[in-house]
Amino acid sequence: MNRSSIYISALLFVVLCPLRSLNAQENGAWDLKRCIDYATEHNLTVKSKDISMQQNQLDLSTAKFSRLPDLSASASQNFSFGRGLSEANTYVNTNTASTSFSLGASLNVFNGFRVNKTIKLNALNLEAATADLEKARDDIRIQVVRAYVQILYNQEIMKVAQSQVAIDSAQVERLRAMFSTGKASAAEVARQEASLGQSRLTLTQAANSLELSLLDLTQLLELPSPEGFKIQPPDTSHTYLLPAGGPDTIYEEALGIRPVIKAEESRLKASDVNIAIAKSAWYPSISLSGGLGTNYYVSKGYPAASFWNQLSNNFSQYVGISLNIPIFHKMATKNSVKGAKLSRLQQQIQFESVRKGLYKEIQQAWYNAIAAQSKFVSCSDALSSAELSFELTQAKYENGKANVTEFNESKNALMKAQSDLLQARYEYMFNTKLLDFYRGSEIQ
């Protein structure tokens, strides 16, 4: 096994070991899967995309039902006062009343395939909306993972800061004791106390950063407050390794599964259908119509047949067919087709932009992971050297062979090495998770 493999194996062992805690069910901590599931269910952006998808489902349903005929019924009652038309078809001065009933239906037989194309368009819009919903869920998943890993990092940094405070506190107590016996000067005590104050400030800043990272995650989860919120570290047995094949292979896999690509593919197909719908206005249209009708009429002072007799005698039916041939629509159809083609070109550009954007994201995650892996190896060496240097400097300082400035410089170098190692560790962890996610693996 080469040196790099040894370090990576060490990473897999130590990446989360310092963060072991009680079972999540026992201490109320949230593990990563619970955070992701809760966020995807309660996030407002996700809810908005879900409503948009449901609206597209309704649009598709409406388009499908447009194949059915229209059917309507009507009834009217009219009263006339003064001069009016009698049953003898003469005008007389009298009051009249009439009642009519009708039932009509119409059916589009042919309209340039517009109905079928509209159904197809709405089906593609639904596919795009469904992919948009899944993309919104993916986005919130990535944000949750990023915030979750940031909390883990800040927890570790806080532990480092606490250890620095403990070291400085012990040195202050030692120097005070030496000062009381005349073996240390007041200036040495003051300098060490100043170093302790700086370490406490660093600890306060680390605690604030941790609180802010907890706030970020709780806001993503749409929780009312971060009070009492804590996370459960992931399973330390999980292996974080770079996927095989490099960014190009991951990109080819991502093209077939990422919802952002599926959404734009559906919209590109929909733009082709929009062109066909615009062209349908050039075709003639044929429609059928039919109906039933009857009426009742009575004129004051004149005899009239009974209500039911009149309805029966006046009962009529009709059937009709109409043909509409477009000849000239003031260039509206031609311009509509041109507009649909321009929209298609715009959507093609959008599709290519999204593809390139995805490739850039994968490239960035890949090279960030490579850089974090290399940085971890280097930081491991640097930490070993810093630890040895600090141990030697601390021993010399306690034996009076090194001054407080040398001690603090060595201590600060150790803290920086620890922080750099933690940063590389969690950068590697996040980016390997992200690369697996692009390949279709579930984040948990």
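Here, the structure is the one placed above.
Residues numbered from 1 in each chain as written. Predicted model: local features only at pLDDT ≥ 70, side-chain atom pairs only at ≥ 80, totals over all residues. Heavy atoms only, no water.

1. Regarding the sheet that holds strand β4 (residues 96-110)
Picture the strands of a sheet paired through backbone hydrogen bonds; they go either parallel or antiparallel.
So, step 1. Spatially, the four strands line up as an open sheet ordered β1-β4-β5-β6, and their pairing is antiparallel. Only two strands of the sheet have a single partner each, and these edge strands are β1 (70-80) and β6 (316-324). The average undirected angle you get between the axes of adjacent strands in this sheet is 20 degrees.
So, step 2. Where β1 and β4 come together, eleven bridges link them in antiparallel fashion. If you follow serine 72 over to β4, its bridge partner there is glycine 104. (Pairing = 2+ DSSP bridges. Helix = DSSP H or I, 4+ residues; strand = E, 2+ residues; numbered from the N terminus. Axes fitted to C-alpha atoms, helices over the stretch in contact; angles between N-to-C directions.)

2. Looking at the nonpolar core
So, step 1. One finds Cys35, Val144, Leu217, Leu221, Phe229, Leu358 and Ile362 to be the most contacted residues of the largest nonpolar core, which totals 65 residues.
So, step 2. Looking at this core, the elements that each hand over two or more residues are α3 (32-42), α4 (44-65), α5 (114-180), α6 (186-220), α7 (246-255), α8 (259-279), α10 (332-398) and α11 (404-438).
So, step 3. Here the element with the most residues in this core is α5; it accounts for 21 residues.
So, step 4. In this view, isoleucine 362 contacts Pro247, Ile250, Tyr251, Ala254, Leu435 and Tyr438; residues no more than four positions away in its chain are not counted.
So, step 5. Cys379, Tyr397, Ala402 and Ala417 belong to the second-largest nonpolar core, a separate cluster that totals 17 residues. (Core = buried A, V, L, I, M, F, W, Y, C linked by side-chain atoms within 4.5 Å. Buried < 20%, exposed > 50% of the residue type's maximum accessible area, 1.4 Å probe, protein only. Contact = heavy atoms within 4.5 Å.)

3. A few points about the environment of serine 289
So, step 1. Among the structural elements, serine 289 can be located in strand β5 (residues 285-299).
So, step 2. Taking the relative accessible area as the measure of exposure, serine 289 reaches 31% and is therefore partly exposed.
So, step 3. Linking serine 289 and leucine 71, residues 218 residues apart in sequence, is a C-alpha distance of 9.8 Å.
So, step 4. Non-local contacts of serine 289, meaning those with residues more than four positions away in its chain, are made with Ala105, Ser106, Tyr318, Val319 and Gly320.

4. A look at α7
So, step 1. Along α7, the residues that are buried comprise Gly246, Pro247, Ile250, Tyr251, Ala254 and Leu255.
So, step 2. Residues of α7 that are buried in the fold lie against α8, α10 and α11.

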